[in-house]
Amino acid sequence: MSTARTRPVPGGAAQDTGAFAWWRSLGPGGRRAFGGAFGGYALDSYDYFALPLGMVAIAAYFGLDNGQTGLLTTVTLVVSALGGALAGILADRIGRVRALIATVATYAVFTVLCGFATSYEMLIVFRALQGLGFGGEWAVGAILVAEYARSTHRGRTLGAVQSAWAVGWALAVAVYTLVFGFLDADTAWRVLFWTGALPALLVVYVRRNVSDAPEAAERRRASGERGSLTAVFRGDLRSVTLCATLLSTGVQGGYYTLATWVPTYLASERGLTVVGTGGYLALLISGAFAGYLTGGYLTDRIGRKNNIVLFAALSAAAVLAYTSLPEGADGLLLVLGFPLGFCMSAIFSGFGSYLSELYPAAVRGTGQGFTYNSGRAVGAFLPTLVGFLSDSWGVGGALALGAAGYGLAVLALAGLPETRGRELA
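From a predicted model like this one, the values you see are computed outputs, not experimental measurements.

A full pass over the atoms with the stated rule returns 24 aromatic pairs. Here tyrosine 61 and tryptophan 189 contribute two aromatic rings whose centre-to-centre distance is 5.6 Å and whose plane-to-plane angle is 65°, an arrangement assigned as edge-to-face. Taken together, the positions of tyrosine 61 in helix H2 (residues 27-62) and tryptophan 189 in helix H8 (residues 185-194) put the pair 128 residues apart, joining distant regions of the chain. Judged by relative accessible area, tryptophan 189 falls into the buried class, the value being 0%. Ring pairs connect the aromatic residues Tyr41, Tyr48, Phe49, Phe134, Trp138, Trp165, Trp169, Phe348, Phe351 and Tyr372, which therefore count as one cluster.

This brings us to empty space enclosed by the protein. Following the criterion strictly, the structure yields two cavities of 30 Å³ or more and no others. The wall of the largest cavity is formed by Tyr41, Gln162, Trp165, Gln252, Tyr255, Tyr256, Tyr292, Phe348 and Tyr372.

Turning our eyes to something else, we now look at the pattern of salt bridges. As enumerated under the stated definition, the model contains seven salt bridges in all. The shortest N-O distance in the salt bridge between aspartate 92 and arginine 96 comes to 2.8 Å. Between glutamate 357 and arginine 154 there is a salt bridge, with the nearest N and O atoms lying 2.9 Å from each other. With a gap of 203 residues between them, glutamate 357 in helix H15 (residues 351-357) and arginine 154 in helix H6 (residues 154-162) connect regions that are remote in the sequence. We classify glutamate 357 as buried; its relative accessible area is 3%. Ionic contacts of the salt-bridge type, sharing partners, join the residues Arg154, Arg156, Asp300, Arg304 and Glu357 into one network.

Take the nonpolar core next. Among the nonpolar cores identified, the biggest contains 115 residues, and Ile58, Trp165, Trp169, Leu247, Tyr255 and Phe351 are the most heavily contacted of them. By residue number, the principal contributor to this core is H2, which donates 17 residues. Among all residues touching leucine 247, those that are not within four sequence positions of it are Ile308, Phe351, Tyr354, Ala409, Ala412, Leu413 and Leu416.

Helix length check: helix H16 (residues 364-379), at 16 residues, gives a terminal C-alpha distance of 22 Å against a target of 22 Å (1.5 Å per residue), a fit within 8%. Most of H16 is tucked away: 15 of the 16 residues are buried.

All right, on to the packing of H2 against helix H3 (residues 66-94) then. Where H2 contacts H3, the two axes come as close as 10 Å, and the packing angle between them is 160°. Our classification of the angle between H2 and H3 gives roughly antiparallel. Between H2 and H3 the crossing geometry is right-handed. Contacts from Tyr48, Leu51, Met55, Ile58 and Ala59 in H2 reach Thr69, Leu72, Thr73 and Leu77 in H3. Its residues assigned to classes, the contact of H2 with H3 comprises seven nonpolar, two polar and no charged.

What follows is about the environment of glycine 54. Mapping glycine 54 onto the fold places it in helix H2. Spatially, the C-alpha atom of glycine 54 lies 8.7 Å from that of arginine 190, the residues being 136 residues apart in sequence. Residue contacts for glycine 54: discarding those within four places in its chain leaves Phe180, Trp189 and Leu192.

For tryptophan 23, the position within the fold is in helix H1 (residues 21-24). The sequence separation of tryptophan 23 and arginine 156 amounts to 133 residues, and the corresponding C-alpha distance is 9.5 Å.

Right, let's get into the confidence of the model for the chain. When pLDDT is averaged along the chain, the result is 83; 82% of the residues meet or exceed 70. Averaged pLDDT values for the elements of the chain fall to 45 in strand E1 (residues 6-8) and rise to 95 in H8. Within the model, the stretch residues 1-13 combines pLDDT values under 50 with 22 contacts to residues more than four positions away or in other chains.

About the cut-offs
- Residues numbered from 1 in each chain as written.
- Predicted model: local features only at pLDDT ≥ 70, side-chain atom pairs only at ≥ 80, totals over all residues.
- Heavy atoms only, no water.
- Phe/Tyr/Trp six-rings, centres within 6.5 Å; stacked < 30°, edge-to-face > 60°.
- Helix = DSSP H or I, 4+ residues; strand = E, 2+ residues; numbered from the N terminus.
- Buried < 20%, exposed > 50% of the residue type's maximum accessible area, 1.4 Å probe, protein only.
- 1 Å grid on protein atoms, 1.4 Å probe; cavity = no way out; pocket = protein on both sides within 12 Å on 5 of 7 lines; lining within 4 Å.
- Points joined across faces, edges and corners; volume = space filled by probe spheres on them.
- Salt bridge = Lys/Arg side-chain N within 4 Å of Asp/Glu carboxyl O.
- Core = buried A, V, L, I, M, F, W, Y, C linked by side-chain atoms within 4.5 Å.
- Contact = heavy atoms within 4.5 Å.
- Expected span 1.5 Å × (residues − 1).
- Axes fitted to C-alpha atoms, helices over the stretch in contact; angles between N-to-C directions.
- Parallel < 35°, antiparallel > 145°, perpendicular 65-115°, else oblique.
- Left-handed = near helix turned anticlockwise from the far one by under 90°.
- Nonpolar A, V, L, I, M, F, W, Y, C, P; charged D, E, K, R; others polar.
- pLDDT = per-residue confidence, 0-100.

This is the structure:
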């Protein structure tokens, strides 16, 4: 039985209002683009989480302290700013699909090479280079899909793309649980990185089946402007770029602090085994998946800015509650995992549509790539700060700093317009 529903609109046309209207409205080309972007982001997530999940074993193997292990994440995210900006410029100059292929291939190759590292210095170099592809994939994939999506469905369409992050995270946890359950830790962390070769299969699919949205590609070719960083700092775009970067800094600073340190927190301060940690993370990830889909729906219903404010407040509250539980309250820790994952993911659902709508077609890749990933790079210093403070505050106490990032995000919104319903020109 079909779930499609329609309602009359002025002029006699019928508007599709079914639960999957966003999917049907994409058309064949848009659905193939969605598949490529979804797969790319899921595997991007998978390759990213190979480090946080293997962090305890890596630290033991190389004899690292918490500051050094936190620096591995920070370097990845800082270099991702450069990767995101370069991928955005590339997307505006050679097209979304070609840029997507380049980013996926980059993060896959260097994730695999991380598994061959023989020193901390070598690992940090490979992880930094992995950040080049990691930083660019989301921005390029989100724009590719945004340019196919209708304005009325863009929020939930991009929210569905964002949900791929939870899928990749879940896959990484499953492989981590399996690999660390059967191999000794010194070998297991390397195998986890080697499985990062999976994205090579996606590159084949994208090359054969996906193309740029025709109308957006034509507008980009017709424009005399080509992607460049100077273009997004001219005129009215200057304040947009600065405020969008601050917004991204706040949200991602809070998110990556948790994503990086929760596995270590569960293992070192809660004393959970590999399997126990996987169980707790399963609920956190389930909440994240539901949050991405719910946030995508709400960003279309209540607006881009209202969605961010709502979930910034809820995320900050959830972080403080999660890290303030007394010893022995592991049952409550489990229960709070779902709302924590839900809130800190729902806030991201509007990012793909919001940042796309803030920029014209000729510099959309550059604007989105720069703001999202520059914010990620600046926000990345929070995980390192947590690493250094954890020696005196404990990992749980230091994690509470992630809540401060959400306050910065709300302040940044004051300088940005609401874009719900805006057509991409």
